[in-house]
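Report on the structure
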Amino acid sequence: MLKLNRVHHIAIICTDYERSKHFYTAILGLTILREVYREQRNSYKLDLEVAGQYQVELFSFPDPPPRPSRPEAAGMRHLAFEVDNIDEAVAHIASHGIFAEPIRIDEFTGKRYTFFADPDGLPIEFVEK
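The written sequence of each chain sets the order in which its residues are numbered from 1. Local features are withheld for residues below a pLDDT of 70 in this predicted model, meaning they are given only at 70 or higher, and side-chain atom pairs are given and counted only at 80 or more; totals for whole chains, interfaces and linings count all residues. Here the side-chain values reflect all heavy atoms present in the structure, with hydrogen atoms and water set aside.

As used in this record, nonpolar core signifies buried Ala, Val, Leu, Ile, Met, Phe, Trp, Tyr and Cys residues forming a set joined through side-chain atoms within 4.5 Å. Each residue's exposure class comes from its accessible area (1.4 Å probe, protein chains only) as a fraction of the maximum for that residue type: buried when under 20%, exposed when over 50%, partly exposed otherwise. Ranked by internal contacts, the top residues of the largest apolar core, which has 24 residues, are Ile12, Phe23, Tyr24, Leu58, Ile93, Phe116 and Phe126. If you list the elements that add at least two residues to this core, you get β1 (10-14), α1 (17-27), β3 (43-50), β4 (53-60), β5 (79-83), α2 (86-94) and β8 (123-128). Numbered from the N terminus, helices here are DSSP runs of H or I no shorter than four residues, and strands are runs of E no shorter than two.

A separate point is the pairing of β5. Covered by surrounding structure in β5 are Leu79, Phe81 and Val83 only, the residues Ala80 and Glu82 on the alternate face being uncovered. Two strands are said to pair when DSSP picks up at least two bridges between them. Direction of pairing for β5 relative to β8: parallel, over a ladder of 5 bridges. Among the inter-strand pairings, Phe81 is bridged to a residue of β8, identified as Phe126.

As a further point, take the side chain of Ser43. Turning to its location among the elements, Ser43 is positioned in strand β3. For Ser43, a relative accessible area of 0% gives the class buried. Beyond its immediate stretch of four places on either side in the chain, Ser43 contacts Val36, Tyr37, Arg38, Phe59, Ser60 and Phe61. It only takes one pair of heavy atoms within 4.5 Å for two residues to be counted as in contact.

Shown next, in the form of structure tokens:
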């Protein structure tokens, strides 16, 4: 039986590197571990961590194709972050002009959650601890 230890990272391709870098670091608070410019690919790679764990790679590529649809296209549906207090998390992103959907309660887990979008429209979820 194959044993998977944990999710190592999630890779995101953005259309505006500086805007997305600001969103994920200054607004969501992910910590920069490493930033590399790959000249041969005309691309940045930004390694980010959440709560001391390496989890997100942010890539820039020239002219990436748009996401086909939201959120029911094949592929990754959304990226979810656990937060201690969802009301505070929503207020924080709202202070940066980011709209979140109304907070709902998951009918199976009883947890409160909401969705919003990154600068490229990638659906992001906050789930209350």
